[in-house]
Structures are given as structure tokens and as C-alpha cells.
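Each chain, written out:
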Amino acid sequence: MRLDLAVINGLVYLDGMFRKADIGIKDEKFAMITECGKLPEAEKVIDAEGKYVIPGGIDTHVHFRDPGHPERGTFYTESMAAAAGGTTTILEHPISSPPQYNKEILDNRKKVAAERGCIVDYAFYGAAGGQYPEEITKIAKEGIVAYKSFLHQAPEGREKEFVGLTMANDYEIYVCMKEVAKTGLMLASHAENNDIIQGLINKFRAEGKVGAEYHCPSRPPIAEYTTVQKLITMAADTGCVLELAHISTPEAMQMAKEAKARGQKVFLETCPHYLLLTEEELIKHGPYAKCNPPLRTKEIVDKLWEYVLDGTVDFIGSDHGAFLPEEKDTGYEDIFKAPAGLIGIDLRLPLLLSEVAKGERGITLERVVELCCVNPAKAFNLYPKKGVIQPGSDADLVIFDMNDKTVVDWRKNYSKSREIAKVYDGWELHCKLNQTIVRGKVVMNEGVVDPIADGTKGWGKLVLSLLKQPE
Ligand SMILES: [Zn+2]
């Protein structure tokens, strides 16, 4: 046999640990893993001597605006940023104008992704909402990997982006969870208490307190964990598998930990910004540091790491949410007007690898691989097609050097909304990604993503949930 690609001499993540091995790739899949020097001839060889080789990153939480707002980013541009950051599969959340709550809308989004030419593999969440509960089980048959919902009415002026995506009261949550439970897929919910938040925003506005420093106090930790408590309780009753998305408080993480200990199927996601940034960023960057839930105090950030290390956190998503600078700038007049979201699809893995290298948080390389590559594949029913280096699985890899450094520079960001990338700009990362490989094809080489020259535009394929749905 002649291999398409051989990755040799690297420290490879196999069976939960790193050891030196050679990887042979043929027809987009791993063909064999051998001791060094034992592979047959290959078309192309990458020497990974002194570097680490891990399964491709799976970003569990991204928002691509195509086709509703292509000016903010498209499947093409944002997937280039994904490739730059070692992400080989993205899981796309709705808020896409309109969100994919039925087959027709989902089919259209699949078509847009294929036409734009996504660089990395992609899968879709479906929207679950109180308006169209009858669509929930139907859309599972289209291969979505999970559901997403919000617990409030559509924000004013954004009705089109939220139709079919909201559970506006407890009855709707109950009905939707019962439907989702029939599919066995996860329901991810934005877990913040809208009554508390709206009340505080109204109060602050009435007092003229509309500066950036009021964003975090308008969404206190209690707003997150009261909602998490309710969701856990209702999911237990309805048998719905729950994904707690972008969790930012230790109280909520503790509730998830206890639910898991009781045997409930609860999956916990957090994001790099909740682990690495504090509310001080709002003072520095104003609306450019606005995200929901908001950044927290240093004390909270320190506590979250305990749940990252003890296994409570299942996976880390970027919550990549692109907006234009002029949209963000509305927050200088009134912070509550600015859209919430940070971009960071390109930094999810590098930021965490850098924490390993720095050694201050006690996180290991193996744990980062679980959080960013392996656990997402398992939780979203993509395993063992994705998330593992073994014969027969998709040949998705990231190769990186822990003895090299990189400096974050927004001008080099491939996202169409690169100008809003302020919070990490200038950070020195204690790692360097060398290659990102999607199904045997090198989509990023030494920081360069060049889809036209490399023939990788449109290389990304739709990935479907491997969980069988009842007929
Ligand atoms: Zn999100």
C-alpha cells in the first residue's frame, strides 16, 4: 500500500497518553499507527520530531452568520480562522436568521455552507423552541448533533434571528424537553435568568448607569445558577439530556457536578474567556469585551479551574460570535445596546495549550485534549469517526510545538470580524501550532491558511450525528 500522508516521529495522543509513533493516512482516514520507521512509502511526509500530535479540535460552540449576516463572517472566512486554531470540526449553533428549526431551513444552511466552501468539517445544532415543538423530533432525523434554545422572547429587533429558538416560559421548556428527550440528543440552553437581568438593566438605565462597568453587575452569578438549577431539575424529570452551555460560575458547575454524581446525563461546557479573562476587560475594551454570560471576578475565575481539573467540565467551546465594529461601537453610548459576543475560534486550543506550558493552573496536555478534541466527539455522537487517532477514523490532526511561542495579532486573524478581536491581542502564547489536518489534507501550515492555493476551499464536509433515530 502507498499512503497519501505520513506523520512521523511525533509524540502522538494514543489511548489517553502520549507516545512516539508514526501515523499513516490513506483515503482521508487513519490507515495505520506504527512504531517509528515502520510505515510504508507515502506521497507526502510530515516530520513531527519534537512535536505533539493530537486528534483534530472540535469546537462545540460557534456562531456562523451565513446566510443572514455574511458581512460579519461566512462559512468560508470563519472556517479559515478555525483551521488556523487547530479546529477540524465545528458545531454550529443557530441564531442564523432564521435559525434551523425545520428541515427546509437546515437544508438551506447546508447548501450555503457547501457553496461558500467551508475549510473544516461542520455539523449543525437544530433550534428547539416553544413555537414549533412538532418540528423537534423531525429535525433530529436530519443528522443534527444537538439542540439549542434560549429562555426568553426574541430581543427587540432580532425576531428573525430567534424564531423557533426560544422557550419563553416554563411550560415551553417542559414541552420542548419532552420532545428532545425522544431523540436522545442534548439540549443546550443559554442559562441566564431573564427576569433578573431585565430588571437590573431597567434599573441601571433609569439611574443613567450605562457605562461598560455596568454590564457585569447587570448579569450577576445568581442569574446564571438559578436558571441552571431549574434546567437540571426539569431535564431530570423529562429525561432530556442537558448541555449547560458556556457556564461561568462555580455555583452552576457545582450543581452540574452533583447532578452527574446522581447519574443524570448533564454535559458542561465553558469557554476560554471565562477561564482567562476577568471583568476588568470591560474597563479596558468596553463593548468589545461584552459577552453573555459576562466575564467574572478573578476569585470566580480561580474557582472555575477546580471544575476544569476535577473532570466536571466536559468540553470547551469558543462561543465564536462575530459582529462588526460599528455594531460593537453602539455600546459606547449605552453598554446594553451593544451585541454580546467575542470571537475566538482561532484561539480556543492555543490558549489552553499555552496554559499547560505556563504550568500555573496545573492543567495537563492530556486534559486539554479531552476537553477540546475527545469529549466533544463522544458527547455529540461523532465518536469514533472523530476524536480519536485509530485506524478507520477520520484523519483529523493537529501538530504543535510546546517549545515555541506565538504572539496574538488581530491583523493575522482570518475571521471577517477580525477588527473586534481585542481582548487577547498582543498576548504571548507559549505554544505554536504547526499543522491542522482535516481528513488527511493539510488545511493550515505554519500559521498559513491558503484554501485556493492548497485546494482546500470546500474541503470541509457535513458531519452527521451517529446516534440512530427511531423510524
Ligand atoms: Zn453562543
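Residues numbered from 1 in each chain as written. Predicted model: local features only at pLDDT ≥ 70, side-chain atom pairs only at ≥ 80, totals over all residues. Heavy atoms only, no water.

A. Spotlight on unusual backbone geometry. Cis geometry is found at the peptide bond from D66 to P67, where omega equals -5°. Omega for the peptide link from Y383 to P384 comes to 5°, which places this bond in the cis form. One can find P384 in the loop between α14 (365–379) and β15 (397–401). Although it is not a glycine, E28 sits at a positive phi angle of roughly 75°. (Helix = DSSP H or I, 4+ residues; strand = E, 2+ residues; numbered from the N terminus.)

B. The arrangement of the coordination of the zinc ion in detail. The zinc ion binds to the protein through H61 (NE2), H63 (NE2) and D319 (OD), with metal-donor distances spanning 2.1 to 2.2 Å. Donor residues binding the zinc ion come from one chain and are separated in sequence as H-x1-H-x255-D. Placement of H61 in strand β6 (residues 57–63) and of D319 in the loop between β13 (315–316) and β14 (320–321) is noted, with a sequence separation of 258 residues between them. Per residue, the accessibility class of H61 equals that of D319, and both read buried. (Donors = N, O, S within 2.8 Å, 3.2 Å for Na, K, Ca; no water. Buried < 20%, exposed > 50% of the residue type's maximum accessible area, 1.4 Å probe, protein only.)

C. Structural context of the pattern of salt bridges. Tallied over the entire structure, the rule returns 37 salt bridges. Its salt-bridge partner being K386, residue D121 comes within 2.6 Å of it at the nearest N-O pair. Of this pair, D121 sits in strand β8 (residues 121–127) while K386 is found in the loop between α14 and β15, placing the two residues 265 residues apart along the sequence. Across this residue pair, the class does not change: D121 and K386 are buried. (Salt bridge = Lys/Arg side-chain N within 4 Å of Asp/Glu carboxyl O.)

D. Geometry of the sheet that holds strand β12 (residues 266–270). Pairing within the open sheet is parallel, and its nine strands lie in the order β13-β12-β11-β10-β9-β8-β7-β6-β14. At either end of the open sheet lies a strand with only one pairing partner, and these are β13 and β14. Across four bridges, strand β10 (residues 186–190) lies against strand β11 (residues 241–244) in parallel orientation. When the bridges of β11 are listed, L187 appears paired with L242. Here helix α13 (residues 348–358) sits on the sheet and contacts β6, β7 (87–92) and β13; the angle it forms with β6, its principal contact strand, is near 125°. (Pairing = 2+ DSSP bridges. Contact = heavy atoms within 4.5 Å. Axes fitted to C-alpha atoms, helices over the stretch in contact; angles between N-to-C directions.)

E. Representation of the side chain of R348 in the model. Its location among the elements puts R348 in helix α13. Buried R348, no salt bridge; nearest opposite-charge side chain is D59, N-O distance 4.0 Å. Engagement of the side chain of R348 in a polar contact is seen with the backbone oxygen of I58, the distance being 2.8 Å. (Lys, Arg positive; Asp, Glu negative; His and termini not counted. Polar contact = N/O pair within 3.5 Å; in protein donor to acceptor, adjacent residues only side chain to side chain.)

F. Focus on helix α6 (residues 194–206). Look at α6: 18 Å from first C-alpha to last across 13 residues, which is about the 18 Å you get at 1.5 Å a residue. Regarding α6, the residues found buried are I197, I201 and F204. Burial along α6 is one-sided: seen end-on, the buried residues are contained in an arc of 70°. When the buried face of α6 is taken as reference, the exposed residues oriented beyond 90 degrees from it are D195 and A206. Check the buried side of α6 and you find it contacts α7 (221–238). (Expected span 1.5 Å × (residues − 1). Arc of directions from axis to C-beta.)

G. Spatial organisation of the side chain of D66. Of note, D66 is situated in the loop between β6 and α1 (75–84). Relative accessible area serves as the criterion here: at 0%, D66 is assigned to the buried category. At 3.1 Å, the side chain of D66 and the backbone nitrogen of F75 are in polar contact. Among residues more than four places away in sequence, those in contact with D66 are G73, T74, F75, S96, R109, V112 and R116.

H. Seen up close, the packing of α7 against helix α8 (residues 250–261). Running from N to C, α7 and α8 point in directions that differ by 15°, and their axes come no closer than 8 Å. What the angle tells us is that α7 and α8 run roughly parallel. With respect to the hand of their crossing, α7 and α8 are arranged in right-handed fashion. Between α7 and α8, the residues in contact are E224, Y225, V228, Q229 and I232 and E251, A252, M255, A256 and A259, respectively. A breakdown of the residues in the contact of α7 with α8 according to their chemical character gives seven nonpolar, one polar and two charged. (Parallel < 35°, antiparallel > 145°, perpendicular 65-115°, else oblique. Left-handed = near helix turned anticlockwise from the far one by under 90°. Nonpolar A, V, L, I, M, F, W, Y, C, P; charged D, E, K, R; others polar.)

I. Layout of the state of the cysteines. Evaluated as defined, the whole model comprises zero disulfides. The structure places no disulfide on C373, whose sulfur is separated from the nearest cysteine sulfur, that of C372, by 5.7 Å. C431 carries a free sulfur, and the closest cysteine sulfur to it, the one in C372, is 11 Å from it. Take C431: its relative accessible area is 1%, and that puts it in the buried class. (Disulfide = S-S within 2.5 Å.)

J. How the structure looks around the nonpolar core. Ranked by size, the top nonpolar core spans 106 residues in total, and within it I54, Y147, M177, L244 and L353 carry the most contacts. It is α14 that provides the largest number of residues to this core, a total of seven residues. Two domains each donate at least three residues to this core, and these are domain 1 (3–53 + 395–454) and domain 2 (57–379). Ignoring anything within four residues of it in the chain, the contact list for L353 reads L365, V368, F400, M402, C431 and L433. Among the nonpolar cores identified, the runner-up in size contains 17 residues, and V7, L14, A21 and I46 belong to it. (Core = buried A, V, L, I, M, F, W, Y, C linked by side-chain atoms within 4.5 Å. Domains from an automatic or database assignment.)

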